[in-house]
2 protein chains.
Amino acid sequence: MSKLYAVGLGPGNSCFMTGDALRAIEESDTVVGYTLYVELVADLTAGKTVLSTPMRREVERCRLALEQAAAGHTVALVCSGDSGVYGMAGVLLQLAQEYPAVQVEILPGITAACSGAAVLGAPLIHDFAVISLSDLLTPWEKIARRLQLAAQADFVICLYNPASKKRHDYLQRACDEVLRHQSPATVCGVVRNIGRAGQQSQVCTLAQLRDMPADMFTTVFIGNSQTMQIGNRMVTPRGYCTDGAR
Amino acid sequence: MSKLYAVGLGPGNSCFMTGDALRAIEESDTVVGYTLYVELVADLTAGKTVLSTPMRREVERCRLALEQAAAGHTVALVCSGDSGVYGMAGVLLQLAQEYPAVQVEILPGITAACSGAAVLGAPLIHDFAVISLSDLLTPWEKIARRLQLAAQADFVICLYNPASKKRHDYLQRACDEVLRHQSPATVCGVVRNIGRAGQQSQVCTLAQLRDMPADMFTTVFIGNSQTMQIGNRMVTPRGYCTDGAR
């Protein structure tokens, strides 16, 4: 039985990796991943076979990792954040059905919702929804409906993939959906390049968020009706009782 | 300026901690936390002042940590999972306003949604909502409404605090809310004692979930309409297009 680890690297360099993730890479003789992410952990891969593939070739990348493991290698398939949140763990487990001799283990990492929240303060202290604005595999109508229902439910909302070159106005469109149910004064926050060089963050209102620049390296947080700004931080209280006594 | 780190320990022992979290504890001379969590990292606290407080005294615990930091100590306030998800980071930043000389840094950890997902397979690959069933600080009506809207939005739903002695039927009640909009055949999963001795997990249907035992150490996952069972794992596909080509 050969082993294939799906390893979440967290947001940036190896400081954000768990001990389990580090050990899995150590134990592996082969590391597979998207070029950029493999480079982020270059200090851990000396002496190992490193196979990197370009962006958006997830199926190909998973199959490469499975083939290597089936050939007897111990393989770490690395990805940014957590492979279980908009990551490769799903496709990997689907494809792994064809490779019964490969044992797949998923090792969680810090996803952008959590690492971004820590940069901004504490926006996710209470119930929240995570929504990707990428309509590559999901029709926009479904995304818009989820935004509306999440706003109606007064969830804090964390947006992944808020915009790209082809989808330059998607964050605006998303804000417009949320504005149907939440106030323009709702406290929001934006983090870019979490845990990497050039990390930036800003707290703003929902009205301001509509016109903020965003790209694929940006994670967006839209507060619930209770979320507040404290200094330059975004904080959601734990509940709706106001005694604060516990 | 003295330093106070809010450190997320992840689900279990130090294997799940990030390098940054480990270094923060190393750097601190004082460690504050709930007794059980402080014991989980006993191997890291030798030679340090350890101050532990009982459950549910979060305000007291945060104030203790702030007082220690204000007195010149470097303090790590530790908590299970991620302090930013139903954790102490929010209360801490609210109280920290009274301690301007203390610099608070939030260090994220692996929250149960991510660690539990990795045990079950890949349930959170697409948009999801995280909801706590604890009605200590949130009225049940608000929780029920969020469950209904999340089910209507076809989010994967991750439930924290699904039941306790006083709330023995809350998971049943939550399933009933979701069943208004999702099929009884919806794929679900339950994980108990994530990353700790006695870890258990099971994949089941929404109809079966209704009658599953659960407690404060259980994390529950309710799939969306696309979530499937693969072997004994729970996997949500990435989107709604079926070509699977990318």
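Residues numbered from 1 in each chain as written. Chains lettered and ligands numbered in written order. Predicted model: local features only at pLDDT ≥ 70, side-chain atom pairs only at ≥ 80, totals over all residues. Heavy atoms only, no water.

Looking up chain A in an unreviewed UniProt entry gives the name Precorrin-3B C(17)-methyltransferase, with the organism given as Neobittarella massiliensis.

### Notes on the pattern of salt bridges
Here is the rule we go by: Any carboxyl oxygen of Asp or Glu that lies within 4 Å of a side-chain nitrogen of Lys or Arg is treated as forming a salt bridge with it. Where helices and strands are cited, they refer to DSSP runs of H or I of at least four residues and of E of at least two residues respectively, numbered from the N terminus. Each residue's exposure class comes from its accessible area (1.4 Å probe, protein chains only) as a fraction of the maximum for that residue type: buried when under 20%, exposed when over 50%, partly exposed otherwise.
In the structure shown here, the tally under the stated rule is 24 salt bridges over all chains. As a salt-bridge pair, glutamate 58 of chain A and arginine 238 of chain B come within 3.6 Å of each other at their nearest N and O atoms. Of this pair, glutamate 58 of chain A sits in helix 3 (residues 58-70) while arginine 238 of chain B is found in the segment after strand 13 (233-235), placing the two residues in two different chains. A salt bridge links glutamate 177 of chain B to arginine 180 of chain B, with the shortest nitrogen-to-oxygen separation between them at 3.4 Å. Classification of glutamate 177 of chain B as buried rests on a relative accessible area of 11%. One network of salt bridges, in which partners are shared, links Asp127 and Asp154 of chain A together with Lys142 and Arg146 of chain B.

### Let's talk about the pairing of strand 8 (residues 156-160) of chain A
Residue and element names in this part refer to chain A. The cut-off we apply is this: Note on pairing: DSSP must find at least two bridges between two strands before they are called paired. Orient the strands so they point away from the viewer, and a crossover whose first-strand-to-second-strand path over the helix runs clockwise is right-handed.
Within strand 8, 5 of the 5 residues are buried, which leaves it mostly tucked inside the rest of the structure. Neither face of strand 8 is open: one carries Val156, Cys158 and Tyr160, the other Ile157 and Leu159, and all of them are buried. As defined by bridge partners, strand 7 (residues 128-132) adjoins strand 8 across 5 bridges and the pair is classed as parallel. Looking across to strand 8, one finds that serine 132 is bridged to tyrosine 160. With helix 6 (residues 140-152) bridging strand 7 and its parallel neighbour strand 8, the resulting β-α-β unit is right-handed. Examined bridge by bridge, strand 8 and strand 11 (residues 218-222) share 3 bridges and lie antiparallel to one another. The residue of strand 11 that forms the bridge with cysteine 158 is phenylalanine 221.

### Some words on the interface of chain A and chain B
Reports often express the size of an interface as the amount of accessible area lost when the parts come together. To be explicit about the condition: Here a residue-residue contact requires only that any non-hydrogen atoms of the pair lie within 4.5 Å. Computed with a 1.4 Å rolling probe, the buried area is the accessible surface lost when two parts are put together, summed over both parts. Polar contact is defined as a pair of N or O atoms within 3.5 Å, subject to the rule that within protein one atom must be able to donate a hydrogen and the other to accept it, and that residues adjacent in sequence are counted only when both atoms are side-chain atoms. Think of it as three bins: nonpolar holds Ala, Val, Leu, Ile, Met, Phe, Trp, Tyr, Cys and Pro, charged holds Asp, Glu, Lys and Arg, and polar takes everything else, Gly as well.
Residue-level contacts link 69 residues of chain A with 69 residues of chain B. Between chain A and chain B, the buried area comes to about 6,000 Å², and carbon and sulfur atoms account for 61% of it. Where chain A packs against chain B, one counts 8 salt bridges. For the salt bridge of aspartate 154 of chain A with lysine 142 of chain B, the shortest nitrogen-to-oxygen distance reads 3.1 Å. Here chain A is connected to chain B by 32 residue pairs in polar contact (both at pLDDT 80 or more). The leading source of residues in the side of chain A that touches chain B is helix 6 of chain A, at 6 residues. Considering only residue class, the side of chain A that touches chain B consists of 36 nonpolar, 19 polar and 14 charged. With 3 bridges joining them, strand 7 of chain A and strand 7 (residues 128-132) of chain B adopt antiparallel strand pairing.

### Focus on the relation of the copies chain A and chain B
As a reminder, the rule being used: C-alpha atoms of residues with pLDDT of at least 70 in both copies form the basis for the least-squares superposition of the copies.
For the pair chain A and chain B, the relating rotation is 180°, the translation along its axis is 0.0 Å, and the fit reaches an RMSD of 0.0 Å. Read as a symmetry element, the transformation amounts to a two-fold axis. In this assembly the copies share their binding face: 100% of the residues contributing to the interface of chain A also contribute to that of chain B.

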